[in-house]
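What the coordinates show
The chain contents come next:
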Amino acid sequence: MLSLQVLVNGLLLGGVYGIMALGMSLIWGVMRIVNVAHGALIMLGAYHAFFTFTLLGWDPFLSLPVTIGVFFVLGYAIQRFLLNRIVRAQLFLTLLITFGLGVVIENLARIAWSSDLRQVTPAYQGAHFELYGINIPHVRLGVFLSAAVLSLLFLLLIERTKLGRAIRATSQELRAAQLSGVPVGHIYAVTFGLGTALAGAAGALWGMLFPITPTMGGPLTLKSFAVDVLGGLGTMMGPLVGGLVLGVIESFTATYVGPTYPNLLSFGLLVLILVFRPAGILGPRGLSG
Amino acid sequence: MKRSLWLVAGAAVLAVVIFYFGARAVGGRAETVIALGAAISQSGKYAREGKFYVDAYKMTVEAVNAAGGVKVGGQAHKLGLTLYDDQSDPSLAARLCTKLLTSDKVNFLLGPYTSGITIAASAVAEKYEVPMIEGGGAAGNIFDHGYKYIFGTLSNAELYFQPAIEMAAKSEPPVKTAALLFSNEAFDKSVAKGARKWLDEHKIERIYDEEYQPATLDFTSVLAVIKSKNPDLILLAGHEENSLNFIRQSQAADVNPKMAVFTVGPPTGDFRKTLGAAAEYVYGITTWLPEMDHKDEIFESSSNFAKQFHDRFAYEPDYHVASGAADVLAFKHAIEKADTLDPKKVRDALASLDVQTIYGRLRFNPTGQIELPQTLVQIQSGKVVPIYAGGKPLNKPRYPTPSWGAR
Amino acid sequence: MDSKRRVLVAGAAAVCLALAVAPAVVSPFLVQFLINLFMLAAMAESWNIIGGFTGYASFGIAGFFGVGAYTTGVLLTAGHWPYPLALPAGGVFAMLLAALIGIAVLRLKGQYFAIATLGVTETMREVVYNLEITGGGSGLNLPMVQSPLPFFYLMFAVLLLSIAVNRRIATSRFGYGLIAIREDEDAASAMGIPTARYKTVAFALSGGLAGLVGGVFAYWITFVDPTEIFKVSWTLRTIIMAVFGGAGTVLGPVLGAAVLASIFEGLSAELVNFAELGSGIIIVVVVLFMPRGLFETVRRGELSFRHLLRQLDEYRA
């Protein structure tokens, strides 16, 4: 049945949207930094997966832990040495500096790796199976499940560990956190590291689905905004729910309205939600749920 | 008090900077060099294809110079080449073209990549009445302004799918239904317009006819709908990335038309490399193949051109590259024909040019666009095989395309 | 006081006169560069009204720029309006649209406002994409005008207008109200300032001016395309220029645009395909070391290595 296939398509892609937007929401919620370079970091994650696949032969799913590790360090460094300098400055300054950072990363990538299209093409590339007449490609399912597992691990980290508590405290009540001895500078760096690790992992997953180019990041940053706003800015579950919802909405719009309309819907929704229900689907600012 | 001083100082700094950058011309160019200039996308989203033209222009200029240069008034002149990066930005491209013409004082312009940028750049060339030959834009709206100084070496968009549809109409088992999917840019809309004409002419029913945005990555919904309608023929007009995504996703979605044709992608090397086995049986369109055996005095033959290019730049050239090379060659021939560097006379020489090159026959129609026939090709065992052109079959196609599961 | 004013006025008059005769004297490339410069400076001045004076960092200025461009373009081509009518119509339509959108969006604060305005720009692009009358993805082709001179003077006029508007605001009660909103909106409201109305007017003025710029740009470049005209880098470059020059001052954005545009253009000419990389580095450097803008930093006497390095610690966690 067509509608069921459309629904499944939307959910599968929506899972990636969710993990993609999660990193941005985390950074936003904790540090109040809008990271316009988010898409550029996703792009780096995709290239990382590509190079480990082509040069080292690592399966892109299995190399995810490495991606996460590498990008955590990268994010930590970016925050500690660069972004930390402007953390308490006005909002639009953080937007500007992350925009500049994004431009730099994108251009360095182009200069280093050229603009040629890259793709991660493991042997099981086109494989798929049928379930009650619904076609499900292996890679899409694998990507969805990986995104789900990563999200789960992340939520466990945030909810159940001491580090997670410290992060949540810093986000909700900065002064109190400082007073109770939370090393805020370190927490910020860890948070940015986590956000970047999520971006890198999302990039690796995305790179299994779509071609990789230095300029792929821009639209993904915008998409992450839409997902975060839809699901609830600064929340943890928000982006995941928002991603699934947006994925499904886009899928149905492309099928039943026309392929040129999904973006109109996403951004129109972004504006409408901010105006009428800024909390999004899942709730208020600060880390919750 | 201090502030006003600083304002004046700031304005002074500004003035110095402006005049420094604006007033200086490119230094020390020999009198006998014929300067060609171009703003081309070397960064930004069109950088990938822009590189094809950068490399083509460079190699062809060098080859022309090595073969004795361009003869004007009994003297041999070398060609010079000045390239700027338009960063995939049309308004920057327009400014850079102005700079090329007025500060760098190039004699003639070569075109950028992609129709949107070409439109902006061509307006500048037309304003200054300097010929520009471009090989990267084929949209109708470049050539329907009535500009006199703009010439293009990519054929009319509406003709692209003609050989594909003609062949499809004659095939056994027959092609009765078609799905048409096109990006909503000017070029692809023109391609679609032409396609509808040919489909109607051959009585093939259009059961799906939709446009999509060029930046679309995910075709799964579209494929779900197409699969449910089960067309015999799929026609996709778009950029290489669109073709790549569509094919990969159609494999995963198990969509099996008898024939799938793409305007961009199949003739290009990295397309086949990236898709690997999934590229088999895919049809494409090109005005040029190395095997076409066109000859000229600069490169001897198209296959020789391809070999030289591959040796130099480590990738196989496709029709974009050949089109770029043709732009330089057209200038060489036109300048020699006009026997002067006067822009107006060279323009007239271009308008009446009719010469064979490794790209094919260089002849422009009254609106300035070249009229080269399109060839339908198919990827067979990793090779690009010409199948059909000019109303005649050339090689046997592997038709119908076997389903994904049966390969 | 008087002599300072006289120096300023004389200086301004001299600059204006020099620019007015420039096309006759300088190279055509410089003319194009100056048109581009006037455009960026006018955009920066427009943004300044809502971003600088009012403190509401709008990320939607590219949107109204695009609205003005498309409105003027459509009226010119499909509507067959003469340009002297189409251009102001574009500006007016952008202004009205900004007022309408502002009523909804100005209720948001800080980052929400920024993201909402970004979303508005994206939505506008998508709407234009899907409309027949704007040419959809193929864009709009405008007739070509042989000489760049009309655009030189038009863009200059729009720039002067935007400066005049800023100046008028800076010395008016309305302007003080905007600054009060920027400093502390609740207190301003408590003092009786009609904050919602003031914000909306500021947003509308900003949008209208950007629309005028767009209308001139469209005709100058002869081709309007949704992906190009609504792209987010117009907004971000506008903001960096305004900030660099000094957001919230009358002439700061113009000077910021002048310096940065010259530098970016010089990079494009000299560094070729490293130009964008260079501009990204400059943006990062400017925000890190001179977040208050070049001229404010200089005015405070802080343009020394010691101070610049100290700046690195000012906003840290």
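Residues numbered from 1 in each chain as written. Chains lettered and ligands numbered in written order. Predicted model: local features only at pLDDT ≥ 70, side-chain atom pairs only at ≥ 80, totals over all residues. Heavy atoms only, no water.

**A closer look at the overall build of chain B**
Within chain B one finds 13 helices and 18 strands. Over its C-alpha trace chain B gives a radius of gyration of 23 Å, about what one expects of a compact globule, namely 22 Å for 407 residues. In terms of its C-alpha atoms, chain B occupies a principal-axis envelope of roughly 75 × 65 × 40 Å. In chain B, buried positions account for 65% of the 407 residues. Nonlocal contacts in chain B, meaning residues at least 24 apart in sequence, comprise 69% of its contacts between residues at least 6 apart. Looking at chain B as shown, the accessible area adds up to about 14400 Å², and 54% of this sits on carbon and sulfur atoms. (Helix = DSSP H or I, 4+ residues; strand = E, 2+ residues; numbered from the N terminus. Rg over C-alpha atoms; globule rule 2.2 N^0.38 Å. Buried < 20%, exposed > 50% of the residue type's maximum accessible area, 1.4 Å probe, protein only. Contact = heavy atoms within 4.5 Å. Areas by Shrake-Rupley, 256 points an atom, 1.4 Å probe, with all protein chains shown as cover.)

**Section: the pairing of strand β1 (residues 128–131) of chain A**
Residues and elements named next belong to chain A. With four bridges connecting them, β1 and strand β2 (residues 134–137) associate as antiparallel partners. Of the residues in β2, the one forming a bridge with F129 is I136. Following β1, the chain reverses through two residues before pairing antiparallel with β2; Y132 in that reversal takes a positive phi of roughly 50°. (Pairing = 2+ DSSP bridges.)

**Overview of helix α13 (residues 275–289) of chain C**
The end-to-end C-alpha distance of α13(C), which contains 15 residues, comes to 21 Å, matching closely the 21 Å that a straight helix rising 1.5 Å per residue would cover. Burial analysis of α13(C) places 11 of its 15 residues in the buried class, the great majority of the element. The secondary structure elements touched by the buried residues of α13(C) are α4 (91–113) of chain A together with α11 (232–245), α12 (252–270) and α15 (305–314) of chain C. (Expected span 1.5 Å × (residues − 1).)

**Description of the sheet that holds strand β2 (residues 70–72) of chain B**
Residue and element names in this part refer to chain B. Sheet architecture is open: six strands sit in the order β2-β3-β1-β4-β5-β6, paired in mixed fashion. Lying at the two open borders of the sheet, with one neighbouring strand each, are β2 and β6 (150–152). Recorded for the sheet is a direction-independent mean angle of 30° between the axes of neighbouring strands. Across three bridges, the pairing between strand β5 (residues 132–134) and β6 is parallel. Residue pairing for β6: I133 is matched across the bridge by F151. Packing against the sheet, helix α2 (residues 47–66) makes contact with β1 (33–40), β2, β3 (75–85) and β4 (108–110), and its axis sits at approximately 165° to β3. The strands touched by helix α12 (residues 319–338) within the sheet are β1, β2, β3, β4 and β5, with β4 carrying the most contacts at an inclination of about 155°. (Axes fitted to C-alpha atoms, helices over the stretch in contact; angles between N-to-C directions.)

**A few points about the packing of helix α4 (residues 83–105) of chain C against helix α5 (residues 110–130) of chain C**
All names here are of chain C. Interaxial distance between α4 and α5 falls to 11 Å at its minimum, and their mutual angle equals 140°. Put simply, α4 runs oblique to α5. For the pair α4 and α5, the sense of crossing is right-handed. Contacts from L97, I101 and V105 in α4 reach F113, A116, T117, V120 and M124 in α5. (Parallel < 35°, antiparallel > 145°, perpendicular 65-115°, else oblique. Left-handed = near helix turned anticlockwise from the far one by under 90°.)

**Concerning the domain arrangement of chain B**
Residues and elements named next belong to chain B. The domains assigned to chain B are domain 1 (20–155 + 291–362) and domain 2 (158–286 + 374–406). Contact with domain 1, which involves 18 residues of that partner, is made by 18 residues of domain 2. Across the domain 1-domain 2 interface, the total number found is three salt bridges. The tally of links between domain 1 and domain 2 comes to three residue pairs in polar contact (both at pLDDT 80 or more). Put simply, the parts of the chain that give the side of domain 1 that touches domain 2 at least two residues each are α2, α5 (140–143) and α12. (Domains from an automatic or database assignment. Salt bridge = Lys/Arg side-chain N within 4 Å of Asp/Glu carboxyl O. Polar contact = N/O pair within 3.5 Å; in protein donor to acceptor, adjacent residues only side chain to side chain.)

**Some thoughts on the sheet that holds strand β7 (residues 177–183) of chain B**
Residue and element names in this part refer to chain B. One open sheet accounts for eight strands, arranged β8-β7-β9-β10-β11-β16-β17-β18; its pairing is mixed. Of all the strands in the sheet, the pair left with one neighbour each is β8 (205–212) and β18 (392–393). Of the strand pairs in this sheet, β7 and β8 are connected by seven bridges, and their pairing is parallel. By the bridge assignment for β8, T177 is matched with E205. Each of β7, β8 and β9 (233–237) touches helix α7 (residues 186–201); the most contacted strand, β7, lies at about 165° to it.

**Describing helix α8 (residues 184–209) of chain A**
When the terminal C-alpha atoms of α8(A) are compared, their 37 Å separation across 26 residues agrees well with the 38 Å that a helix rising 1.5 Å per residue should span. Here α8(A) lies mainly inside the structure; 25 of its 26 residues are buried.

**What to know about the confidence of the model for chain C**
For chain C, per-residue confidence averages 89 on the pLDDT scale, and residues scoring 70 or more make up 99% of the total. Scored as a complex, the prediction yields pTM 0.88 and ipTM 0.87. (pLDDT = per-residue confidence, 0-100.)

**What to know about a nonpolar patch on the surface**
Residues and elements named next belong to chain A. A grouping of L55, L56, W58, V66 and V70 is seen on the molecular surface, where their side chains present a nonpolar patch of about 470 Å² in accessible area. One can find L56 in helix α2 (residues 38–56). L56 sits in the exposed class, given a relative accessible area of 52%. (Patch = residues over 30% accessible without salt bridge, like charges linked within 9 Å, V, L, I, M, F, W, Y side chains within 5 Å.)

**Details of the interface of chain B and chain C**
Counting from both sides, the interface comprises 46 residues of chain B and, opposite them, 48 residues of chain C. In total, about 4300 Å² of surface goes out of reach between chain B and chain C, with carbon and sulfur atoms giving 62% of it. On inspection of chain B and its partner chain C, the count reaches three salt bridges. Of the charged contacts, one joins R95(B) and E265(C) as a salt bridge, the two residues approaching to 3.0 Å between their closest N and O atoms. Here chain B is connected to chain C by eight residue pairs in polar contact (both at pLDDT 80 or more). Among the elements that line the side of chain B that touches chain C, the one with the most residues is helix α1 (residues 2–23) of chain B, at 12 residues. For the side of chain B that touches chain C, the per-class residue count stands at 19 nonpolar, 15 polar and 12 charged. (Buried area = accessible area lost by both parts, 1.4 Å probe. Nonpolar A, V, L, I, M, F, W, Y, C, P; charged D, E, K, R; others polar.)

**A word on the interface of chain A and chain C**
Facing the 45 residues of chain A at the interface are 44 residues of chain C. Of the roughly 4100 Å² buried between chain A and chain C on both sides combined, carbon and sulfur atoms contribute 73%. Looking only at chain A, the three residues that lose the most surface to chain C are R85(A), L96(A) and F99(A), adding up to 16% of its buried area. Seen at the junction of chain A and chain C, the total is zero salt bridges. In this assembly, chain A and chain C are joined by six residue pairs in polar contact (both at pLDDT 80 or more). Elements with a minimum of two residues in the side of chain A that touches chain C: α4, α8, α9 (217–231) and α11 (262–276) of chain A. No other element matches α4(A), which puts 15 residues into the side of chain A that touches chain C. Of the residues belonging to the side of chain A that touches chain C, the class tally is 33 nonpolar, seven polar and five charged.

**Section: empty space enclosed by the protein**
All names here are of chain B. This structure, assessed with the given rule, holds eight cavities of 30 Å³ or more. Of the volumes computed, that of the second largest cavity is approximately 150 Å³. Looking at the second largest cavity, it is lined by 16 residues, and the ones nearest its centre are S250, P257, A260, W404 and R407. When contributions to the lining of the second largest cavity are tallied by element, the ones reaching two or more residues are α9 (240–253) and β10 (259–262). (1 Å grid on protein atoms, 1.4 Å probe; cavity = no way out; pocket = protein on both sides within 12 Å on 5 of 7 lines; lining within 4 Å. Points joined across faces, edges and corners; volume = space filled by probe spheres on them.)

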